[in-house]
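Structural features, examined
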Amino acid sequence: MGMQTHINEDRNMSEHLYNPDILQKLDFSKSPAVFKPKISAANPGAEWMVVRPLQRADFDKGFLQLLSQLTSTGNITRKQFDERFTQMKMSGGHYVTVIEDTRSSKIIGAATLTVEQKFIHNCSLRGRLEDVVVNDTYRGQQLGKLIVVTVSLLAQQLGCYKMSLDCKDKLIKFYETLGYKLEPGNSNAMNMRFEDPS
Ligand SMILES: CC(=O)SCCNC(=O)CCNC(=O)[C@H](O)C(C)(C)COP(=O)(O)OP(=O)(O)OC[C@H]1O[C@@H](n2cnc3c(N)ncnc32)[C@H](O)[C@@H]1OP(=O)(O)O
């Protein structure tokens, strides 16, 4: 393998799914969430913590192992991960966002904003919050709030007129503290299942 190949591989591994600059500019004072002590995506409260878009290298930093604390992931190979990363980046609208513990190079939190393009409401954009998870040994330290508020402000910044989520009953209070509301008569989640996911 020549030197050029190595350089290309290195650049690929640090490639971000979306432009990281936008996270640095998010204004956390716009969120109703209360952070004690005060933290934000730009200043997550510890020098060993970083909030950023997903990178290809996160395959080796336990990203999928973290997701398996949320639901079943299946056995995803590096090739499958890489291809899905490329597809998401090319199609746009997929804002997979992570928190890394840079001491151990491990992904300790994640949440995804998916932006849906619509014709209604004058060609509006709608955000959906998906796949929120914090590593169990790091829970109760505001990281859940941090990652959810980050992608919610990101949705607002990108011009979404609203952001929606589905969750278990026991998490309603958690999301209410972050500005989400159950809308009477309009809060039913329904599914049609085509197969058991692996
Ligand atoms: C849209 C979706 O993806 S829904 C799926 C959500 N994900 C999961 O259920 C996966 C497993 N759970 C987790 O990963 C975590 O428990 C999370 C992401 C829900 C919360 O992460 P944490 O880092 O613990 O959250 P954080 O420390 O910011 O907690 C914020 C507040 O919510 C409360 N809270 C957190 N999790 C829960 C819970 N499961 N039930 C009730 N309250 C909770 C905390 O007590 C805390 O309250 P406080 O500020 O008054 O102390």
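- In the nomenclature of an unreviewed UniProt entry, the protein chain is known as Glucosamine 6-phosphate N-acetyltransferase of Papilio machaon.
- According to the UniProt record, the Catalytic activity (unreviewed entry) comment for the protein chain reads "D-glucosamine 6-phosphate + acetyl-CoA = N-acetyl-D-glucosamine 6-phosphate + CoA + H(+)".

**Structural notes on the UniProt feature "domain: N-acetyltransferase" (unreviewed entry) in the protein chain**
- Within this structure's numbering, the places UniProt gives as "domain: N-acetyltransferase" (unreviewed entry) are residues 49-198.
- Helix makes up 29% of residues 49-198 and strand 25%. Its end C-alpha atoms lie 32 Å apart.

**Observations concerning the site of the ligand**
- Taken together, 20 residues lie around the ligand, and Val132, Val134, Gly140, Gln142 and Lys145 are the ones closest in.
- Between the ligand and Gly144 there is a distance of 2.9 Å, counted from an oxygen atom to a backbone nitrogen or oxygen.
- A distance of 2.9 Å is found between an oxygen atom of the ligand and a backbone nitrogen or oxygen belonging to Lys145.
- Burial of the ligand by the surrounding chains reaches 67%, relative to a free accessible area of 960 Å².
- The biggest single contributor to the shell around the ligand is strand β4 (residues 125-134), with 6 residues.

**Quick notes on the environment of Tyr175**
- Inspection of the secondary structure assignment puts Tyr175 in helix α7 (residues 172-176).
- By relative accessible area, which is 8% here, Tyr175 ends up buried.
- Put simply, Tyr175 and Gly144 are 31 residues apart on the chain and 9.9 Å apart in space, counted from C-alpha to C-alpha.
- Excluding its chain neighbours within four sequence positions, the residues that come into contact with Tyr175 are Leu129, Val132, Val148, Leu165, Cys167 and Tyr180.

**Examining the pairing of strand β1 (residues 49-53)**
- In terms of burial, β1 is largely enclosed, as 4 of its 5 residues are buried.
- Bridge count between β1 and strand β2 (residues 94-101): 5 bridges; the pairing is antiparallel. Each bridged residue has a counterpart across the sheet, and for Val51 the counterpart in β2 is Ile99.

So, how was this worked out
- Residues numbered from 1 in each chain as written.
- Predicted model: local features only at pLDDT ≥ 70, side-chain atom pairs only at ≥ 80, totals over all residues.
- Heavy atoms only, no water.
- UniProt positions renumbered as here; feature names shortened; annotations may be inferred.
- Helix = DSSP H or I, 4+ residues; strand = E, 2+ residues; numbered from the N terminus.
- Near = heavy atom within 4 Å.
- Polar contact = N/O pair within 3.5 Å; in protein donor to acceptor, adjacent residues only side chain to side chain.
- Areas by Shrake-Rupley, 256 points an atom, 1.4 Å probe, with all protein chains shown as cover.
- Buried < 20%, exposed > 50% of the residue type's maximum accessible area, 1.4 Å probe, protein only.
- Contact = heavy atoms within 4.5 Å.
- Pairing = 2+ DSSP bridges.

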